[in-house]
Amino acid sequence: MPQTIELTLDEELDAAVRGEWDLLSAAGLPSQALHLGLTNAPHVTLGVASALSRATIERLADVELPGQVRLGGLLVFRGRRSAVVSRAVIPSAALLATHAAVDAVMVDAPGRPDLTLPGRWTPHVTLTRRLDDEQLAHALDLLTGVPRELVGAPAALRHWDSDAKAVHVLRSRGDA
């Protein structure tokens, strides 16, 4: 099962994204708000692998967090049958350096999708998934009133272990 390395958001950014999740959910649309697990939180996925060794996870704890996270406009990812709506994350030099550092530590991990690698990665925070065309149009109409840009900071770098259904915080803002 996938193992992900994620950047979580500070309280204000987290609350803003959860507000967007709730807006979609209240309209009867699929929303990340409907995932009720305690580990569900707005995040930016920095890396994915099918397995991570203990040594890799320990080295990831040394990765520096970027000082700022800027959420931009909406992104739509289209699949064959459905769409995903996300908030774009504006790629600053610091965010790209954090992503590159995660990639360097995970370089030998198995099962890494190409779309998470440097030069192919599109940083984003997912708002809703599995939308048909009608739902996509409705979601975009609802989200037209959200702020175009939100600025905050990362809260933590975490490891989501889908096998154990558990989150392990690797580094928090303020860690030396």
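Fair warning: this is a prediction, and the values are worked out from it, not measured in the lab.

Conventions adopted
- Per chain, the residues get numbers from 1 upward, laid out in the order the sequence is written.
- Local features are withheld for residues below a pLDDT of 70 in this predicted model, meaning they are given only at 70 or higher, and side-chain atom pairs are given and counted only at 80 or more; totals for whole chains, interfaces and linings count all residues.
- Calculated side-chain values reflect all of the structure's heavy atoms, with hydrogen atoms and water omitted.
- For every residue, the predictor assigns a confidence score, pLDDT, that lies between 0 and 100.
- Secondary structure elements follow DSSP: runs of H or I no shorter than four residues count as helices, runs of E no shorter than two count as strands, and numbering proceeds from the N terminus.
- Pairing between strands is defined by DSSP: at least two bridges between the two strands are required.
- Axis lines are fitted through C-alpha atoms, for helices just across the contact stretch, and the angle between N-to-C directions can take any value from 0 to 180 degrees.
- It only takes one pair of heavy atoms within 4.5 Å for two residues to be counted as in contact.
- By convention a nonpolar core is built from buried Ala, Val, Leu, Ile, Met, Phe, Trp, Tyr and Cys residues, the set being connected through side-chain atoms within 4.5 Å.
- For each residue, the accessible area found with a 1.4 Å probe, counting protein chains only, is set against the maximum for its type, and the residue is called buried under 20%, exposed over 50%, and partly exposed in between.

This part covers the confidence of the model for the chain. Here the chain averages 93 in pLDDT, and 97% of its residues register 70 or above. Here strand 8 (residues 166–172) is the element of the chain with the lowest mean pLDDT, 93, and helix 3 (residues 93–106) is the one with the highest, 97.

All right, on to the sheet that holds strand 4 (residues 83–89) then. One open sheet accounts for four strands, arranged 5-4-3-6; its pairing is antiparallel. Pairing within the sheet leaves two strands with one partner each, and these edge strands are strand 5 (124–131) and strand 6 (150–152). Sheet twist, expressed as the mean angle between neighbouring strand axes with direction ignored, is 30 degrees. By the bridge criterion, five bridges tie strand 4 to strand 5 in an arrangement that is antiparallel. Counted as the bridge partner of Arg87 is Val125 from strand 5. In this fold helix 1 (residues 11–26) packs onto strand 3 (69–78), strand 4, strand 5 and strand 6, with an angle of close to 15 degrees to the strand it touches most, strand 5.

If you look at the biggest cluster of nonpolar residues, it comprises 38 residues, and the most contacted ones within it are Ile5, Leu7, Leu46, Leu60, Leu71, Met106 and Leu157. With near-sequence residues (within four places) excluded, Leu60 lies in contact with Ile5, Val102, Val105, Met106, Leu157 and Leu170.

Structurally, His99 is set in helix 3. Classification of His99 by relative accessible area gives buried; the value is 2%. Excluding residues that lie within four positions of it along the chain, His99 makes contacts with Leu46, Thr116, Leu117, Pro118 and Trp121.

The topology assignment puts Ala101 in helix 3. Taking relative accessible area as the criterion, Ala101 reaches 29% and is therefore assigned partly exposed.

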